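# Topology and contacts: notes
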Amino acid sequence: MSPVTRASKSSRRTGTPVRTAPWPAWPPPLDPAQRELVDKVLESGLWGATQGGSVVADLVDAFARRSGVRHGVAVGNATLGLFAALRGLGVGRGDEVIIPAYTFVASATSVLLAGATPVIADVDPTDLHMSPDAVRAALSGRTAAIMPVHLAGSAADMDPLNDLAAAHGLAVVEDAAQAHGATYRDRPVGGLGDAGVYSFQASKAMTAGEGGLIVCRDESVYERVWSTCNLGRRLGGQWYGHPSVGWNLRLTEIQAALLLPWLDRLDEEIDRRNAFCAAFERELATIPQVSVVPQPEGTTRDSRHLLMLRVDPAVDRDFLLTAMAAEGVPLDAGYPPLGTMTALTAEGARTEPCPATEEAARTVVWVRQSMLMDPAGAGDLAEALAKVLSGGPAVNRP
Ligand SMILES: *Cc1c(COP(=O)(O)O)cnc(C)c1O
């Protein structure tokens, strides 16, 4: 039976959908401060990042400060940001960069863009973040960097990863694309490694449609990252002097004007999503086939980009996804293991055995950030799951 047939059978069996009200839209409505600053930038005519406007610089300062570091560079997106961070840290041709297998494809393609080889290592089977043991097993004489990903808004367990990197002389680039405002042992993510990279792409917790930002502590790393994003110029040097090779990877003032005021409400939005997750966890006892993927050790503030749920392997996941959509509570199947993407391996990416990632790709589903913005929706999520799974796993098999 096709999933669609099963879904219509399911909605017949279950009557009216649990939820008919729309979920909150993403992005949230513009607030007056965003409108005012965007208007001001539009009126000024200073739309680019090199015309003397100050909004990009203010955004960079605010992110660096929030990340607990001195420096930052705004970029067109986080894929390019990860690339520029690697390049700024001297990672390139002949080097290997260890990345987790359960992440967005850009964690790998940014490494390829830098001319280095992504080495795809398994994640921790419980929290699905980069596993220090898997990193250790993936080390080679060519390993130059590791790229922990703060997946779903919770922090990778950075202390053991930083210790490992220090012991082997590796650079650490944090992929914080999903984790604006998250903390690890009460310290902001992004500022825990040598460089951290945020994304402002349309699905992220702060967005200008597209955009990204790199933060870093070290002055010389900053100078190289800046140069990479500014056509190889030297910071403070001549406009037509290009002592290094670089590209124009800049963010516009218009984008920064959407983002800067957002920082004033980011924490409130994170609280709202955490309230959803807390309310949902109180209902979990009614749904024995589902558990919440726990945060790694050390997450002190989860920014809740996504809520990841682990479903009993006996449940047919395609059925679950279709039936939940029919109940008005759409879920997402999440990432395939990076190592199974032949486009990456064809470009030289190397993959380690990834059993925990393969298990996650089969059994984990995501609740999207926009849905988490409606704390009252936690009851709908729990009710729909309980309803769809009420027959027990066996009856849900095709
Ligand atoms: C979104 C995302 C990226 C890429 O960000 P863009 O701004 O879209 O280039 C990289 N890594 C992770 C984990 C992401 O979620």
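Here the structure is a predicted model, which is why all the values come from computation and not from measurement.

A separate point is the overall build of the protein chain. Scanning the protein chain from terminus to terminus reveals 16 helices and 14 strands. What you see for the protein chain is a C-alpha radius of gyration of 22 Å, in line with the 21 Å of a compact globule of 398 residues. Along the first, second and third principal axes, the C-alpha atoms of the protein chain reach 70 × 55 × 35 Å. Partitioning the contacts of the protein chain with sequence separation of at least 6, the portion at a separation of at least 24 is 73%. Of the roughly 16,200 Å² of accessible surface on the protein chain, a fraction of 53% belongs to carbon and sulfur atoms.

In the structure shown here, the tally under the stated rule is seven aromatic pairs. Grouping aromatic residues by their ring pairs yields a cluster made of Tyr102, Phe104, Tyr335 and Trp366. For the cation-ring pair, lysine 204 lies above phenylalanine 104, with the distance from its terminal atom to the ring centre recorded as 5.9 Å. Against the face of tryptophan 239 rests arginine 233, its NZ or CZ located 3.5 Å from the ring centre.

Turning to the sheet that holds strand E11 (residues 299–301), a few remarks are in order. Judged by pairing direction, the sheet is antiparallel, and its three strands sit side by side in the order E7-E6-E11 without closing on themselves. Only two strands of the sheet have a single neighbouring strand rather than two, namely strand E7 (187–188) and E11. Judged from the two bridges that link them, strand E6 (residues 183–184) and E11 form a sheet pairing that is antiparallel. Across the sheet, the residue bridging to tyrosine 184 is threonine 299, located in E11.

Buried within helix H7 (residues 158–168) we find Met158, Leu161, Asn162, Leu164 and Ala165. Axial view of H7: buried residues confined to an arc of 160 degrees, hence all on one face. Opposite its buried face, H7 presents the exposed residues Asp163, Ala166 and Ala167, each directed more than 90 degrees away. At the exit of H7 stands glycine 169, carrying a positive phi of roughly 65 degrees.

Moving on, we get to the sheet that holds strand E9 (residues 212–216). In spatial order, the strands read E1-E9-E8-E5-E4-E2-E3-E13; together these eight strands make up an open sheet with mixed pairing. The two strands at the open ends of the sheet, each matched to only one other strand, are strand E1 (71–75) and strand E13 (350–351). Taken together, the three bridges between strand E5 (residues 171–175) and strand E8 (residues 195–199) define a ladder with parallel strand orientation. Of the residues in E8, the one forming a bridge with aspartate 175 is valine 197. Relative to the sheet, helix H8 (residues 219–229) contacts E1 and E9, its axis offset from that of E1 by approximately 15 degrees.

We now examine the site of the ligand. The immediate surroundings of the ligand are formed by 15 residues, with Ala78, Thr79, Asp175, Ser199 and Lys204 found nearest. At 2.5 Å from an oxygen atom of the ligand is found a side-chain nitrogen or oxygen belonging to threonine 79. Within the side chain of lysine 204, one N or O atom sits 3.1 Å away from an oxygen atom of the ligand. Here the ligand loses 94% of its free accessible area of 380 Å² to cover by the protein chains. Among the secondary structure elements, those contributing two or more residues to the shell around the ligand are helix H4 (78–88) and helix H5 (106–113). Broken down by class, the residue content of the shell around the ligand amounts to five nonpolar, eight polar and two charged.

What follows deals with the state of the cysteines. Overall, the coordinates contain zero disulfides when judged by the stated rule. Not part of a disulfide, cysteine 229 finds its nearest cysteine sulfur in cysteine 216, a span of 10 Å.

What follows concerns the packing of helix H3 (residues 55–67) against helix H10 (residues 263–283). Between H3 and H10, the shortest axis-to-axis distance is 12 Å and the interhelical angle comes to 45 degrees. Classified by the angle their axes make, H3 and H10 are oblique. Facing H3, whose interface residues are Leu59, Ala62, Phe63 and Arg66, H10 presents Leu263, Leu266 and Asp267. Taken together, the residues of the contact of H3 with H10 sort by class into five nonpolar, no polar and two charged.

Turning our eyes to something else, we now look at a negative patch on the surface. A surface patch of like charges, here negative, comprises Asp194, Asp218, Glu219 and Glu223. Along the chain, glutamate 219 turns up in helix H8.

This brings us to the domain arrangement of the protein chain. Interface size is commonly expressed as the accessible surface area that is lost when the partners come together. Along its sequence, the protein chain is carved into domain 1 (32–264) and domain 2 (265–396). The centre of domain 1, based on its C-alpha atoms, is set 26 Å off from the matching centre of domain 2. With 53 residues of domain 1 at the interface, the matching set in domain 2 holds 46 residues. For the pair domain 1 and domain 2, the summed buried area comes to about 3,900 Å², and 57% of that belongs to carbon and sulfur atoms. Between domain 1 and domain 2 we count two salt bridges in total. Among the salt bridges present, the one from arginine 66 reaches aspartate 267, with a minimum N-O distance of 3.3 Å. Between the two partners, domain 1 and domain 2, sit 28 residue pairs in polar contact (both at pLDDT 80 or more). Taken together, the elements giving at least two residues each to the side of domain 1 that touches domain 2 come down to strand E2 (96–100), H5, strand E3 (117–121), helix H6 (132–138), E6 and H10.

Position of leucine 266 relative to the elements: it lies in helix H10. Exposure remark for leucine 266: the relative accessible area of 1% places this residue in the buried category. Sequence separation between leucine 266 and serine 303 is 37 residues, and the spatial gap between their C-alpha atoms is 9.2 Å. Setting aside residues no more than four positions away along its own chain, leucine 266 makes contact with Arg66, His180, Gly181, Ala205 and Met206.

Rules behind the numbers
- Residues numbered from 1 in each chain as written.
- Predicted model: local features only at pLDDT ≥ 70, side-chain atom pairs only at ≥ 80, totals over all residues.
- Heavy atoms only, no water.
- Helix = DSSP H or I, 4+ residues; strand = E, 2+ residues; numbered from the N terminus.
- Rg over C-alpha atoms; globule rule 2.2 N^0.38 Å.
- Contact = heavy atoms within 4.5 Å.
- Areas by Shrake-Rupley, 256 points an atom, 1.4 Å probe, with all protein chains shown as cover.
- Phe/Tyr/Trp six-rings, centres within 6.5 Å; stacked < 30°, edge-to-face > 60°.
- Lys NZ or Arg CZ within 6 Å of the ring centre and 35° of its normal.
- Pairing = 2+ DSSP bridges.
- Buried < 20%, exposed > 50% of the residue type's maximum accessible area, 1.4 Å probe, protein only.
- Arc of directions from axis to C-beta.
- Axes fitted to C-alpha atoms, helices over the stretch in contact; angles between N-to-C directions.
- Near = heavy atom within 4 Å.
- Polar contact = N/O pair within 3.5 Å; in protein donor to acceptor, adjacent residues only side chain to side chain.
- Nonpolar A, V, L, I, M, F, W, Y, C, P; charged D, E, K, R; others polar.
- Disulfide = S-S within 2.5 Å.
- Parallel < 35°, antiparallel > 145°, perpendicular 65-115°, else oblique.
- Patch = residues over 30% accessible without salt bridge, like charges linked within 9 Å, V, L, I, M, F, W, Y side chains within 5 Å.
- Salt bridge = Lys/Arg side-chain N within 4 Å of Asp/Glu carboxyl O.
- Lys, Arg positive; Asp, Glu negative; His and termini not counted.
- Charge placed at Lys NZ, Arg CZ, Asp CG, Glu CD.
- Domains from an automatic or database assignment.
- Buried area = accessible area lost by both parts, 1.4 Å probe.

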